[in-house]
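# Descriptive structure summary
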Amino acid sequence: MKIFRYLDKSGSMGFGRFDEQGQMFQILKKDNGDFEATTHRITPFQFLTPIDFRCIYGVGLNYKAHAQETGKEPPKYPMIFMKAPTTTQGTGDPVVIPRYLRSDKVDYEGELGVVIGKPCKNVKPEEALSYVLGYTCANDISARDWQKEKGGGQFCRGKSFDTFCPVGPCLTTADEIPDPSKLTLRTFLNEEKMQESSTSDMIFDVPTLISFLSGSTTLLPGTLILTGTPSGVGEAREPRRFLVPGDEVTVQIEGIGILTNPVVEEIFDEEEAETPKEQ
């Protein structure tokens, strides 16, 4: 089932589902926490992220072709970083380019998102997929300047600005995707295709990532794992292509859906704000 959260015109939150034709129907949440699908058609006013994510892990250099385009050797172990839960944004909501802590190198990264459905720790790869609630489209937006030269070599700053993790439009439950290693992923910038790959190009597949992340570490329900991006990111292009206000980025994954977000720039009161000084 393809499940999403939405706001109606009154501002009330509800749950819905897409059918095979893309039509939207209401899902009712029962008192015991279970959900019941209905045939009541709905027209959401605004899409939200599929769930409230408790924790977000990202994986760097996890596609062979992407590692090659960066000129780096494929890692021996998964390269892990984290993003703040406040980065999440629903489909249709804007990616905001930072201006208070200014960045002029904001990049797109279309990715498969994996959502954990039950607590898991020290999970073996052959058991890992049984802990998956579902899959979603994600965009690991990255401020390359703060990720690298301004961030002290740590990814967190450049990955955790507000709106830097669009997710959606829905959560496709795990029963509909028995093998997440056979999905086609595409990223478009203003209708120009920038990325196209199969998740079969991953260096570490989804079961391996879950097993590694759960090693001596509890993954709670609602944990989102961003599984890495294919080749074609803006930083690796010649000339480089970073996001600017007015752009629109779309991530499309086979069997899941289409995530689209416009790009705007941050607005703040420059007279009241103290401009941070670079170190």
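Scroll up to find the structure.
As a starting point, this report considers the structure included with it.

Calculation rules
- Residues numbered from 1 in each chain as written.
- Predicted model: local features only at pLDDT ≥ 70, side-chain atom pairs only at ≥ 80, totals over all residues.
- Heavy atoms only, no water.
- Helix = DSSP H or I, 4+ residues; strand = E, 2+ residues; numbered from the N terminus.
- Rg over C-alpha atoms; globule rule 2.2 N^0.38 Å.
- Buried < 20%, exposed > 50% of the residue type's maximum accessible area, 1.4 Å probe, protein only.
- Contact = heavy atoms within 4.5 Å.
- Areas by Shrake-Rupley, 256 points an atom, 1.4 Å probe, with all protein chains shown as cover.
- Lys, Arg positive; Asp, Glu negative; His and termini not counted.
- Charge placed at Lys NZ, Arg CZ, Asp CG, Glu CD.
- Pairing = 2+ DSSP bridges.
- Axes fitted to C-alpha atoms, helices over the stretch in contact; angles between N-to-C directions.
- Salt bridge = Lys/Arg side-chain N within 4 Å of Asp/Glu carboxyl O.
- Phe/Tyr/Trp six-rings, centres within 6.5 Å; stacked < 30°, edge-to-face > 60°.
- Lys NZ or Arg CZ within 6 Å of the ring centre and 35° of its normal.
- Core = buried A, V, L, I, M, F, W, Y, C linked by side-chain atoms within 4.5 Å.

### Side note on the overall build of the chain
Of regular secondary structure, the chain possesses 4 helices and 19 strands. Compactness check: the chain gives a C-alpha radius of gyration of 19 Å against a globular reference of 19 Å for 279 residues, within 12% of the reference. Principal axes of the C-alpha set define a box for the chain whose edges measure 55 × 45 × 35 Å. A total of 279 residues make up the chain; the buried ones form 51% of that total. Restricting to contacts in the chain with at least 6 residues of sequence separation, those with at least 24 account for 72%. Accessible surface, the chain: about 13800 Å² in total, of which carbon and sulfur atoms supply 49%. The averaged location of the 41 negative side-chain charges in the chain is 4 Å from the averaged location of its 30 positive side-chain charges.

### Regarding the sheet that holds strand β9 (residues 95-97)
Whether parallel or antiparallel, the strands of a sheet pair through hydrogen bonds between backbone atoms. What the 5 strands build is an open sheet, ordered β9-β19-β18-β15-β16; its pairing is mixed. For this open sheet the edge positions go to β9 and β16 (192-198), each flanked by a neighbour on one side alone. The mean inter-strand angle of the sheet, taken between neighbouring strand axes irrespective of direction, is 20°. Both strand β15 (residues 184-189) and β16 contribute to a ladder of 6 bridges, which runs antiparallel. The partner of R186 across the bridge, within β16, is E196.

### Focus: the pattern of salt bridges
Under the criterion given, the structure shown has 17 salt bridges. Here K159 ties to D140 by a salt bridge, and the two come within 2.7 Å at their closest N and O atoms. Residue K159 is located in helix α3 (residues 155-159), and its partner D140 is located in the loop between β12 (132-139) and β13 (142-143); the two are separated by 19 residues in the primary sequence. Each member of the pair, K159 together with D140, is buried. Between R186 and E196 there is a salt bridge, with its nearest N and O atoms 2.9 Å apart. On the criterion of sequence distance, the pair formed by R186 in strand β15 and E196 in strand β16 is long-range, its members being 10 residues apart.

### Remarks on unusual backbone geometry
In the segment running from G168 into P169, the intervening peptide bond is cis, with an omega of 0°. Relative to the elements of secondary structure, P169 occurs in strand β14 (residues 165-173). For the bond running from E238 to P239, omega is 0°, close enough to zero to count as cis. The residue P239 is located in the loop between β17 (223-226) and β18 (248-253) in this model. Positioned with a positive phi, N190 is a non-glycine residue whose angle comes to about 55°. When you line up the elements, N190 lands in the loop between β15 and β16. Phi at E191 takes a positive value of approximately 75°, unusual for a residue other than glycine. Relative accessible area serves as the criterion here: at 77%, E191 is assigned to the exposed category.

### As for the packing of aromatic side chains
For the structure shown, the criterion picks out 8 aromatic pairs. Ring centres of Y100 and F268 lie 5.4 Å apart, and the angle between their planes is 75°; on these two criteria the pair is classed as edge-to-face. You can see Y100 sitting in the loop between β9 and β10 (106-107) and its partner F268 sitting in the segment after β19 (257-265), a full 168 residues away along the chain. Over the aromatic face of F161 sits the side chain of R157, whose NZ or CZ is 4.1 Å from the ring centroid.

### Description of the environment of K121
Checked against the element boundaries, K121 lands in the loop between β11 (110-116) and β12. Put simply, K121 and F45 are 76 residues apart on the chain and 39 Å apart in space, counted from C-alpha to C-alpha. Sequence-distant contacts of K121, defined by excluding residues within four places in its chain, comprise S214, S216, T217 and T218.

### Observations regarding the nonpolar core
Ranked by size, the top nonpolar core spans 29 residues in total, and within it L112, I210, I253 and I256 carry the most contacts. Broken down by secondary-structure element, the contributors of at least two residues to this core are β6 (55-60), β11, β12, α4 (206-213) and β18. Here this core gets 4 residues from one element, more than from any other, and that element is α4. I210 has contacts with V114, I116, C120, A128, V132, L219 and I225, leaving out every residue within four places of it along the chain. Grouped together as the second largest cluster of nonpolar side chains are 14 residues, A143, L189, L243 and V263 included.

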